[in-house]
Amino acid sequence: APPAPQRVWRSARDPKTGRTYYYDVMTRETQWTKPLELLDAAERFEVERREREKRQFFEEMERNMRRKFDEGLTSADIAVSTRGIGWGPPRA
């Protein structure tokens, strides 16, 4: 397979929000998060650390779900509170 074309990222400021966004001058793709190609070593390390933590969280959650399923517990067995900020019964 041919190598992927090199990305050419630039940053710009959104005039409405003042936030920085990034765009690829070749594909015109835009995104709010800084592209990996523009990260320095410390930023890349931090992104990789957060990704590892997120992956570990979801792996642990899946293990817990599988364990509960193996024990015969399903979502129908779990009482969910419907009281609290932002919740209300449907309005007729």
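It should be emphasised that the depicted structure is a prediction, and the values quoted were computed from it without experimental measurement. (Residues numbered from 1 in each chain as written. Predicted model: local features only at pLDDT ≥ 70, side-chain atom pairs only at ≥ 80, totals over all residues. Heavy atoms only, no water.)

Draft legend 1. Seen up close, the packing of aromatic side chains. In the structure shown here, the tally under the stated rule is three aromatic pairs. Aromatic side chains Tyr 21 and Trp 32 sit 6.2 Å apart centroid to centroid with 75° between the ring planes, which places their arrangement in the edge-to-face category. Of this pair, Tyr 21 sits in strand 2 (residues 20–24) while Trp 32 sits in the loop between strand 3 (30–31) and helix 1 (41–70), and the two are eleven residues apart along the sequence. On the accessibility criterion, Tyr 21 (25% relative accessible area) is partly exposed. Trp 32 gets classed as partly exposed once you look at its relative accessible area, which sits at 42%. Between the aromatic rings of Phe 57 and Phe 58, the centroid separation amounts to 5.0 Å while the plane-to-plane angle is 80°, which identifies the pairing as edge-to-face. (Phe/Tyr/Trp six-rings, centres within 6.5 Å; stacked < 30°, edge-to-face > 60°. Helix = DSSP H or I, 4+ residues; strand = E, 2+ residues; numbered from the N terminus. Buried < 20%, exposed > 50% of the residue type's maximum accessible area, 1.4 Å probe, protein only.)

Draft legend 2. How the structure looks around the sheet that holds strand 3. Read from one edge to the other, the open sheet built from three strands follows the order 1-2-3, with strand pairing classed as antiparallel. One side of each edge strand has no neighbouring strand; the edge strands of this open sheet are strand 1 (9–13) and strand 3. Pairing of strand 2 with strand 3, which is carried by two bridges, proceeds in the antiparallel orientation. Bridging from a neighbouring strand, Tyr 22 pairs with Gln 31 of strand 3. (Pairing = 2+ DSSP bridges.)

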